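Structure assessment
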Amino acid sequence: MSRGFDVVVIGAGPAGYVAAIRAAQHGKSVACIDEWKNKDGNNAFGGTCLNAGCIPSKALLESSELFHRARHEFKKHGIKTGDVELDLVAMQKRRASIVRQLTGGIAGLLKANKIEGLVGHGKLLAGKQVEFTSVAGTVEVIDAGNVILASGSAPIEIGIAAFDDDKIVDSWGALEFDAVPKRLGVVGAGVIGLELGSVWSRLGAEVTVLEAMDDFLFMADRDVAKVAAKEFKQQGLDIKLGAKVSSAKAGKNSVAVSYDDKDGVQSIEVDKLVVAVGRRPHTDNLLADDAGIQLDDRGFIIVDDECRTRVKGVYAVGDCVRGPMLAHKGSEEGVMVADLIAGEIAEVNYDVIPSVIYTAPEIAWVGKTEAEVKESDRAYKTGSFPFAASGRAKAMEQTSGMVKIISSQDDDEILGVHIVGPMAGELIAEAVLAMEFSASTEDIQRTIHAHPSLAEAMHEASLAVDNKALNFPNKP
Ligand code: FAD
Ligand code: NAD
């Protein structure tokens, strides 16, 4: 006789494991299937985010930033260190240990919530049945009241620069280098290219980033992108825009990369090449032909606003469906779906999903860019405040960047907030909350912000929207 669960989740990344926990909180019997295998051969829950994405990248960003600051900034603070040396083995050990602790934590959470964590491959069959193949190779068909597909995404591989797991690598490979490459090439100046380019540049690599588009950070507000481009240039990141890679050939000791730009064919030689040109939905062997699930032309599972597929009782969440590929977006979808299965009213506010790039300075935004607002034809006003005028930023020796707020002219509603500067990824939370509550600029103006704090820059930017900034000259 086959086993049955109220809810079977396929995938234990931030979308899947969160959905499983919320479903269990609703009193459902839940199984969560995951096949992730780390490079050491061990299986682990947590998906891309915990094993090869958000967490290990932030661990290395933090370590490399401290290394950089110790070498270049401590002197200004009056701290003498002598020679600061890199111990990459210890740095990588710390990264791996954080990943181990957190992925082990997910296994613990599944257990604590009485969720059956199943290690192996899951495949949706017709009639809400799930075929589970364990790592040992045993096959079992499980009956599910509801199925949540949360199979995530995988790096896009381009034929002209195919991964070889040695010299031409994806983001996961670039997180696990055991030596600092002297010359590092990165294809794609997106989020991964900038974050990982920053890590290895701070640790001493000469980094060249090749970006096909002419615009830098095309998805960000132009004012923010301009500041960020200047900062990265000063840090030594060589970002070449309008550079279309035409070939990458790995030799014995290096990779020869050719690209076309406005001046014709160019070439560079690097020791390692990271290809970070986006990610694709991962649905390999996930769906039986008669499972009834539709994919769009880019391979995403088609869902409605409530993450329902066309098969009743089958949902899909996270990177395998439309929308930004962000852990917090996937988790919120997981919560929504579990709540819907329990008969509750639930939704995700797709207009208010924050984006953060964890470079130095950090870049964060929520809502519309100025260009998008302009295009919408809604009359608007803007205000910004530079961190150079913030006492706290000065004390931190981190004065680059600014907060920019865009609000509607008619009812003062906040339409977008864009930050480049210290702790932007933390500061954006205030803007997200404000927008979730449909706050007006005046609401932020009348909110007391602690002094001295970086958050005061948000307060001053809101005042600047109405030419009332106190600590910086207003627009003439
Ligand atoms: P995943 O995390 O990809 O998890 C899917 C899981 O399902 C995997 O464990 C996979 O093995 C498993 N699976 C798939 N198919 C099957 C199957 N048939 N049977 C069993 N198991 C299966 N996002 C942020 O928000 N902030 C960040 O700072 C950030 N940094 C990132 C840094 C890097 C280098 C990368 C690569 C990504 C980063 N992301 C970040 C993106 C983030 O990792 C993803 O958006 C997030 O992991 C998506 O969650 P998910 O649960 O949808 O999928
Ligand atoms: P991305 O979409 O952010 O950037 C890819 C870049 O590569 C784009 O700028 C694109 O124009 C460029 N590109 C595409 N093809 C190219 C080519 N042939 N030659 C040169 N450039 C080319 O993708 P990513 O950086 O790979 O990241 C993947 C996903 O992971 C993103 O959707 C992102 O949301 C997520 N992620 C998020 C974070 C974060 O939230 N901090 C960090 C890392 C990754």
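Please read these numbers as outputs of a predicted model, since none were measured by experiment. (Residues numbered from 1 in each chain as written. Chains lettered and ligands numbered in written order. Predicted model: local features only at pLDDT ≥ 70, side-chain atom pairs only at ≥ 80, totals over all residues. Heavy atoms only, no water.)

1. Overview of the nonpolar core
Counting 34 residues, the largest nonpolar core has Leu184, Trp200, Leu217 and Ile363 as the members making the most contacts within it. Secondary-structure elements contributing two or more residues to this core are helix H3 (54-72), helix H5 (88-112), helix H6 (171-175), strand S8 (183-187), helix H7 (191-202), strand S9 (206-210), helix H8 (222-234) and strand S18 (362-367). Setting aside chain neighbours within four positions, we find Leu184 in contact with Phe177, Trp200, Ala205, Glu206, Val207, Thr208, Val270, Lys272 and Val274. Of all hydrophobic cores here, the second largest spans 32 residues; its members include Tyr17, Phe45, Tyr315 and Ala338. (Core = buried A, V, L, I, M, F, W, Y, C linked by side-chain atoms within 4.5 Å. Buried < 20%, exposed > 50% of the residue type's maximum accessible area, 1.4 Å probe, protein only. Helix = DSSP H or I, 4+ residues; strand = E, 2+ residues; numbered from the N terminus. Contact = heavy atoms within 4.5 Å.)

2. Topic: the site of ligand 2
The environment of ligand 2 is formed by 21 residues, the closest being Ile192, Glu195, Glu211, Gly278 and Val356. The side chain of Glu211 places a nitrogen or oxygen atom 2.6 Å from an oxygen atom of ligand 2. Residue Val356 places a main-chain N or O atom 2.7 Å away from a nitrogen atom belonging to ligand 2. For ligand 2, whose accessible area on its own is 840 Å², the fraction buried by protein is 77%. (Near = heavy atom within 4 Å. Polar contact = N/O pair within 3.5 Å; in protein donor to acceptor, adjacent residues only side chain to side chain. Areas by Shrake-Rupley, 256 points an atom, 1.4 Å probe, with all protein chains shown as cover.)

3. A look at the pattern of salt bridges
Scanning the entire structure with this criterion turns up 27 salt bridges. Arg378 is the salt-bridge partner of Asp411, the closest N and O atoms lying 3.2 Å from each other. Pair noted here: Asp411 is in the loop between strand S20 (402-408) and strand S21 (414-421) and Arg378 is in the loop between helix H10 (370-376) and strand S19 (380-386), with a separation of 33 residues, a long-range link. (Salt bridge = Lys/Arg side-chain N within 4 Å of Asp/Glu carboxyl O.)

4. What about the domain arrangement of the chain?
The domains assigned to the chain are domain 1 (4-154 + 280-348), domain 2 (159-277) and domain 3 (352-465). Distance between the C-alpha centres of domain 1 and domain 2: 27 Å. Counting from both sides, the interface comprises 22 residues of domain 1 and, opposite them, 15 residues of domain 2. When domain 1 packs against domain 2, the two sides together hide about 1,600 Å² of surface, and 66% of this comes from carbon and sulfur. Summed over the three residues of domain 1 that lose the most area to domain 2, namely Lys39, Leu61 and Leu88, the buried surface amounts to 32% of that side. Applying the counting criterion to the domain 1 and domain 2 interface returns 3 salt bridges. Ionic pairing is found between Glu195 and Lys58, a salt bridge with its closest N-O pair at 2.8 Å. (Domains from an automatic or database assignment. Buried area = accessible area lost by both parts, 1.4 Å probe.)

5. Remarks on the sheet that holds S21
Taken in spatial order, the 5 strands make up an open sheet running S17-S18-S21-S20-S19, and their pairing is antiparallel. The sheet is open, and its two edges are formed by strand S17 (355-357) and S19, each paired on a single side. Each adjacent strand pair in this sheet contributes to an overall mean axis angle of 10 degrees, direction not counted. By the bridge criterion, 6 bridges tie S20 to S21 in an arrangement that is antiparallel. By the bridge assignment for S21, Ile406 is matched with Gly416. Along the sheet, helix H12 (residues 424-436) makes contact with S17, S18 and S21, crossing S18 at roughly 10 degrees. Running at roughly 140 degrees to S19, helix H14 (residues 455-465) makes contact with S19, S20 and S21 of the sheet. (Pairing = 2+ DSSP bridges. Axes fitted to C-alpha atoms, helices over the stretch in contact; angles between N-to-C directions.)

6. Side note on the side chain of Ser390
Position of Ser390 relative to the elements: it lies in the loop between S19 and helix H11 (391-396). Owing to a relative accessible area of 5%, Ser390 belongs among the buried residues under this scheme.

7. A look at the environment of Glu140
Positionally, Glu140 belongs in strand S5 (residues 139-149). Along the chain, Glu140 and Gly122 lie 18 residues apart, while their C-alpha atoms are 9.8 Å from each other. Setting aside chain neighbours within four positions, we find Glu140 in contact with Arg3, Val130, Glu131 and Phe132.

8. Section: the sheet that holds strand S11 (residues 244-250)
Pairing within the open sheet is antiparallel, and its 3 strands lie in the order S11-S12-S13. Each end of this open sheet is capped by a strand with a single partner; those strands are S11 and strand S13 (264-270). For this sheet, the mean angle separating the axes of adjacent strands, direction not counted, is 20 degrees. Of the pairings in the sheet, the one linking S11 to strand S12 (residues 255-261) comprises 6 bridges and is antiparallel in character. In the sheet register, Ser247 faces S12, and the bridge partner there is Ser258.

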